[in-house]
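A closer look at the structure
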Amino acid sequence: MFRRRFLQTSTALGFSGLGSAAWAHHGWSSFDQNRPIYLEGRAVEVKWRNPHAELVLELPEKLTLPADLAQRALPAQSAGVDGPALLAKTVVPTRRDRRWAIELAPLFRLGQWQMPEIRNGAALSMVGFTFKDEQGAAVLRAEYVFLDGKAYGLRSGPA
């Protein structure tokens with residue numbers, strides 16, 4: 001019964017166009033969590049909505065890893081994320097795309113962190129994960145966002 005109702009709902013949403021965001025959504029398992037990536041730049045095309053906030057990040061021509069990245073203070077999350085270890089092994093991407101699609105957390109979680117709404121033109125940086133071997137689209141699932149001198153954890157709520 002549940003399966004039939006799920007398929008009917010999914011089909012109806014897909015044909016109506018309302019399901020396109022759900023079809024584009026990626027779970028954590030789609031991303032290579034063994035190779036954190038650092039990105040920085042300016043936000044363009046911000047979509048502050050569920051199932052998660054999204055933006056396009058426009059990178060500078062030359063992207064370098066900040067010297068202080070591994071020493072940055074990180075907020076404690078309720079999920080077991082070893083933030084310092086993650087920052088210590090973060091690298092810049094090898095691909096040279098100037099624009100990356102960024103997947104943030106759901107709006108409820110961003111509210112838990114009291115993260116302000118990101119606006120077009122905002123400067124920010126982040127550490128997150130892309131697809132294995134950087135294959136496919138230039139997409140990053142953000143784990144930490146650095147905005148206006150503050151760090152926000154996105155895997156879970158605050159600890």
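Analysis parameters
Residues numbered from 1 in each chain as written. Predicted model: local features only at pLDDT ≥ 70, side-chain atom pairs only at ≥ 80, totals over all residues. Heavy atoms only, no water. Core = buried A, V, L, I, M, F, W, Y, C linked by side-chain atoms within 4.5 Å. Buried < 20%, exposed > 50% of the residue type's maximum accessible area, 1.4 Å probe, protein only. Helix = DSSP H or I, 4+ residues; strand = E, 2+ residues; numbered from the N terminus. Contact = heavy atoms within 4.5 Å. Pairing = 2+ DSSP bridges. Phe/Tyr/Trp six-rings, centres within 6.5 Å; stacked < 30°, edge-to-face > 60°. Lys NZ or Arg CZ within 6 Å of the ring centre and 35° of its normal.

Counting 37 residues, the largest nonpolar core has Leu39, Ile102, Leu104, Val145 and Leu154 as its most contacted members. Elements that contribute at least two residues to this core include exactly β1 (37-47), β2 (54-58), α3 (83-88), β3 (99-103), β4 (123-129), β5 (139-147) and β6 (150-153). Residue contributions to this core peak at seven residues, all from β5. Apart from the residues within four sequence positions on either side, Leu39 is in contact with Leu57, Leu59, Leu63, Pro93, Trp100, Ile102, Leu124, Ser125, Met126 and Leu140.

Relative to the helices and strands, Leu154 is located in the segment after β6. Considering only alpha carbons, one finds Leu154 and Tyr144, ten residues apart in sequence, at a separation of 5.9 Å. Other than its neighbours up to four places away in sequence, Leu154 contacts Gln77, Leu104, Ala105, Arg109, Leu110, Met115, Ala142, Glu143 and Val145.

Okay, the pairing of β3 next. In this structure, β2 lies alongside β3, joined through five bridges in antiparallel fashion. When the bridges of β3 are listed, Glu54 appears paired with Glu103. Bridging between β3 and β5 involves three bridges; their strand directions are parallel. Its bridge partner being in β5, Ala101 is matched across the sheet by Val139.

Cis geometry is found at the peptide bond from Asn50 to Pro51, where omega equals 20°. Here Glu45, not a glycine, exhibits a phi torsion of approximately 55°, which is positive. As for its position among the elements, Glu45 is in strand β1. In this model, Gln114 sits at a positive phi of 55°, which is unusual for a non-glycine residue. Mapped onto the fold, Gln114 is located in the loop between α4 (107-112) and β4.

By convention here, two paired aromatic rings are described through the distance between centres and the angle between planes. Taken as a whole and judged by the stated rule, the model has one aromatic pair. Considering the side-chain rings of Phe31 and Phe131, the 5.0 Å spacing of their centres and the 10° angle between planes classify their relative orientation as stacked. With a gap of 100 residues between them, Phe31 in the loop between α2 (20-24) and β1 and Phe131 in the loop between β4 and β5 connect regions that are remote in the sequence. With relative accessibility at 5%, the residue Phe31 sits in the buried group. Residue classification places Phe131 among the buried residues on the basis of a relative accessible area of 17%. Note that Arg72 overlies the ring of Phe146, its terminal NZ or CZ placed 4.7 Å from the centroid.

Read these as geometric descriptors, not functional statements.
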